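# Topology and contacts: notes
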Amino acid sequence: MGIKDYLLGRITELGTIHMTLLDPDKVSAREFRELALMVQEYGSDALMVGGSLGISEGQLDEYLGAVKDSLKIPVILFPGSVANLSRHADAVFFLSVLNSADPYFIVGAQIQASVLLVKRFRNLEPISLAYIIIGDGGAVGYVSHARPIPYDRDDIALAYAYTAQLMGFDMIYLEAGSGAREPVRPRMVSRVKQLVSKPLIVGGGIRDPEKAGELALAGADAVVTGTIIEEKPELIKDIIRAVHEGGITRRR
Ligand code: 1GP
């Protein structure tokens, strides 16, 4: 089974899945391995690997090569640039920053990456992803020249998300930015979810089980956490549980 089908299957089963983002620029190879195995044990549904700055292909190969054989959950690359590809992953979010003001981040990097995917990384399953930057935007918003959508403009987020669906993206990601002071608001998630049927991923600034559960209840198909596992790993088990419980409750 492909990775996209695995994710869709888990979403059907659980309502909302949890994905863990690990940024190789923020942790050592040993910490990366420990954290990856820990979230797998606690029931996170997939590992996303990437970051906006400071990651090379060689580093990705080293980090992923050391843990891949011990992981049963899929590894999905979440690239900050065309240099962030590795044959040791299972899939890649082929992402377009839809609300960037610079065409390079909407389609320019993607045409460069497409050639690499065809010629060098044929084992990576591409999953097309409309990446929509909200609120704070964080490093990714800055680096990708995004014009972040204000936290309270559900109407604009909905317009972007519906556009993404019409354009045929596999999945849609509402991103407040890694380490954002405030996550995407549940009201925005529920408004988007009312009109958009493609899987909706939400991440950025989620630091506790309550907020994670709220976003699942509001309609997120996947909740992503990254920073919290580096800062307070003791919370991650409850966050994963809250996401799954929120999803199951929503579907009742
Ligand atoms: C960033 O949405 C992810 O791309 C995760 O954000 O690091 O704030 O959890 P955090």
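Throughout what follows, the structure given in this document is the object of discussion. (Residues numbered from 1 in each chain as written. Predicted model: local features only at pLDDT ≥ 70, side-chain atom pairs only at ≥ 80, totals over all residues. Heavy atoms only, no water.)

### Section: the overall build of the chain
- What the chain contains, in helices and strands, is ten helices and eight strands.
- Against the 2.2 N^0.38 benchmark of 18 Å for 252 residues, the chain shows a C-alpha radius of gyration of 16 Å, consistent with a compact globule.
- With respect to the three principal axes, the spread of C-alpha positions in the chain is 40 × 40 × 35 Å.
- Per-residue burial over the chain gives 54% buried out of 252 residues.
- When contacts within the chain are restricted to residue pairs at least 6 apart in sequence, those whose partners lie at least 24 apart make up 75%.
- Here the chain contributes 27 positively and 31 negatively charged side chains, and the mean placements of these two sets differ by 4 Å. (Helix = DSSP H or I, 4+ residues; strand = E, 2+ residues; numbered from the N terminus. Rg over C-alpha atoms; globule rule 2.2 N^0.38 Å. Buried < 20%, exposed > 50% of the residue type's maximum accessible area, 1.4 Å probe, protein only. Contact = heavy atoms within 4.5 Å. Lys, Arg positive; Asp, Glu negative; His and termini not counted. Charge placed at Lys NZ, Arg CZ, Asp CG, Glu CD.)

### What about the pattern of salt bridges?
- Evaluation of the coordinates by the stated rule reveals 15 salt bridges.
- For Glu57, the salt bridge identified is with Arg120, shortest N-O distance 2.8 Å. Linking Glu57 in helix H3 (residues 57–65) with Arg120 in the loop between helix H4 (103–119) and strand S5 (125–133), this pair joins segments that are 63 residues apart in sequence.
- Under the relative-accessibility criterion, Glu57 is labelled partly exposed at 23%. (Salt bridge = Lys/Arg side-chain N within 4 Å of Asp/Glu carboxyl O.)

### Let's talk about unusual backbone geometry
- Phi at His145 is positive, roughly 55°, even though this residue is not glycine.
- Inspection of the secondary structure assignment puts His145 in the loop between helix H5 (138–143) and helix H6 (154–167).
- Judged by its relative accessible area of 43%, His145 falls in the partly exposed class.

### What about the nonpolar core?
- Counting 86 residues, the largest nonpolar core has Leu7, Met19 and Phe93 as its most contacted members.
- Per element, the largest residue contribution to this core is six residues, and it comes from S5.
- If we ignore the near neighbours within four places in the chain, the residues touching Met19 are Leu7, Ser44, Ala46, Met48, Ile76, Phe93, Ile201, Ala222, Val223, Val224 and Thr225. (Core = buried A, V, L, I, M, F, W, Y, C linked by side-chain atoms within 4.5 Å.)

### So, the site of the ligand
- Taken together, the neighbourhood of the ligand is formed by 14 residues, with Glu175, Ser178, Gly179, Gly205 and Thr227 sitting nearest.
- Between the ligand and Glu175, the relevant distance is 2.4 Å, taken from an oxygen atom to a side-chain nitrogen or oxygen of the residue.
- Within the backbone of Gly179, a nitrogen or oxygen atom sits 2.7 Å from an oxygen atom of the ligand.
- Taken by itself the ligand offers 310 Å² of open surface, and the protein chains cover 96% of this.
- More than half of the atoms belonging to the ligand lie within 2 Å of the grid points that define the largest pocket. (Near = heavy atom within 4 Å. Polar contact = N/O pair within 3.5 Å; in protein donor to acceptor, adjacent residues only side chain to side chain. Areas by Shrake-Rupley, 256 points an atom, 1.4 Å probe, with all protein chains shown as cover. 1 Å grid on protein atoms, 1.4 Å probe; cavity = no way out; pocket = protein on both sides within 12 Å on 5 of 7 lines; lining within 4 Å. Sits in = over half its atoms within 2 Å of the grid points.)

### Examining the layout of surface pockets
- Approximately 810 Å³ is the volume found for the largest pocket.
- In this structure, the largest pocket is lined by 47 residues; those nearest its centre are Gly51, Ser52, Phe78, Tyr131 and Val140.
- Elements with a contribution of two residues or more to the lining of the largest pocket: strand S4 (91–97), H4, H5, strand S6 (171–175), strand S8 (222–225) and helix H9 (227–231).
- Its residues assigned to classes, the lining of the largest pocket comprises 24 nonpolar, 16 polar and seven charged. (Points joined across faces, edges and corners; volume = space filled by probe spheres on them. Nonpolar A, V, L, I, M, F, W, Y, C, P; charged D, E, K, R; others polar.)

### Focus on the pairing of S5
- Most of S5 is tucked away, with seven of its nine residues classed as buried.
- The pairing of S4 with S5 spans seven bridges and is classified as parallel. Its bridge partner lying in S5, Leu95 is registered against Leu129.
- The pairing of S5 with S6 spans five bridges and is classified as parallel. Paired with Tyr131 across the bridge in S6 is Tyr173. (Pairing = 2+ DSSP bridges.)

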